[in-house]
Amino acid sequence: MLKLINYWEGLSSKKKALFFLAAGMLCLFGCLALLLWTESVFSTVLLYFSLGFNIIGLYILLWVKDRRDKNDRK
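A brief report on the enclosed structure follows.

Below, the discussion takes up a nonpolar patch on the surface. Taken together, the side chains of Met1, Leu2, Leu4, Ile5 and Tyr7 make up a nonpolar region of the molecular surface, amounting to roughly 630 Å² of accessible area. Position of isoleucine 5 relative to the elements: it lies in helix α1 (residues 2-10). Overall, isoleucine 5 belongs to the partly exposed group, its relative accessible area being 39%.

Let us look at the environment of lysine 16. Topologically, lysine 16 is positioned in helix α2 (residues 13-37). Considered as a pair, lysine 16 and leucine 61 are 45 residues apart in the sequence and their alpha carbons are 9.0 Å apart. Apart from residues no more than four positions distant in its own chain, lysine 16 is found in contact with Trp8, Glu9 and Leu11.

All told, the structure shown has 3 aromatic pairs when counted by the stated rule. A ring pair is formed by phenylalanine 20 and phenylalanine 53, whose centres lie 6.1 Å apart and whose planes are at 35°; its orientation type is tilted. Placement of phenylalanine 20 in helix α2 and of phenylalanine 53 in helix α3 (residues 42-73) is noted, with a sequence separation of 33 residues between them. The class of phenylalanine 20 is buried, set by a relative accessible area of 17%. Their ring planes at 25° and their centres at 6.4 Å tell us that phenylalanine 49 and phenylalanine 53 sit as a pair that is stacked. Residue phenylalanine 49 and its partner phenylalanine 53 are both found in helix α3; the two are separated by 4 residues, about one turn of the helix. The class for phenylalanine 53 is partly exposed, based on a relative accessible area of 24%. One aromatic cluster in this structure is built from Phe19, Phe20, Phe49 and Phe53.

Quick notes on the rules
Residues numbered from 1 in each chain as written. Predicted model: local features only at pLDDT ≥ 70, side-chain atom pairs only at ≥ 80, totals over all residues. Heavy atoms only, no water. Patch = residues over 30% accessible without salt bridge, like charges linked within 9 Å, V, L, I, M, F, W, Y side chains within 5 Å. Areas by Shrake-Rupley, 256 points an atom, 1.4 Å probe, with all protein chains shown as cover. Salt bridge = Lys/Arg side-chain N within 4 Å of Asp/Glu carboxyl O. Helix = DSSP H or I, 4+ residues; strand = E, 2+ residues; numbered from the N terminus. Buried < 20%, exposed > 50% of the residue type's maximum accessible area, 1.4 Å probe, protein only. Contact = heavy atoms within 4.5 Å. Phe/Tyr/Trp six-rings, centres within 6.5 Å; stacked < 30°, edge-to-face > 60°.

Purely geometric stuff here, so don't read any function into it on its own.
Here it is, written out as structure tokens:
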């Protein structure tokens with residue numbers, strides 16, 4: 001567990017954001033698959049996870065971009 005935490009802390013913010021976006025896209029794909037083939041209620045739960053992961057990932061990407069823009073102005 002400690003190795004996983006150290007690995008996560010060693011990642012750059014951009015890579016963390018891309019990880020969240022990939023997880024969100026995977027949840028969205030799972031949600032659509034469940035919705036189309038099983039009409040499961042769990043697809044709604046996956047949709048909410050997908051939205052959460054994508055929002056977190058996009059927020060991190062925008063935060064990194066904004067921070068880079070502020071450093072360029074100095």
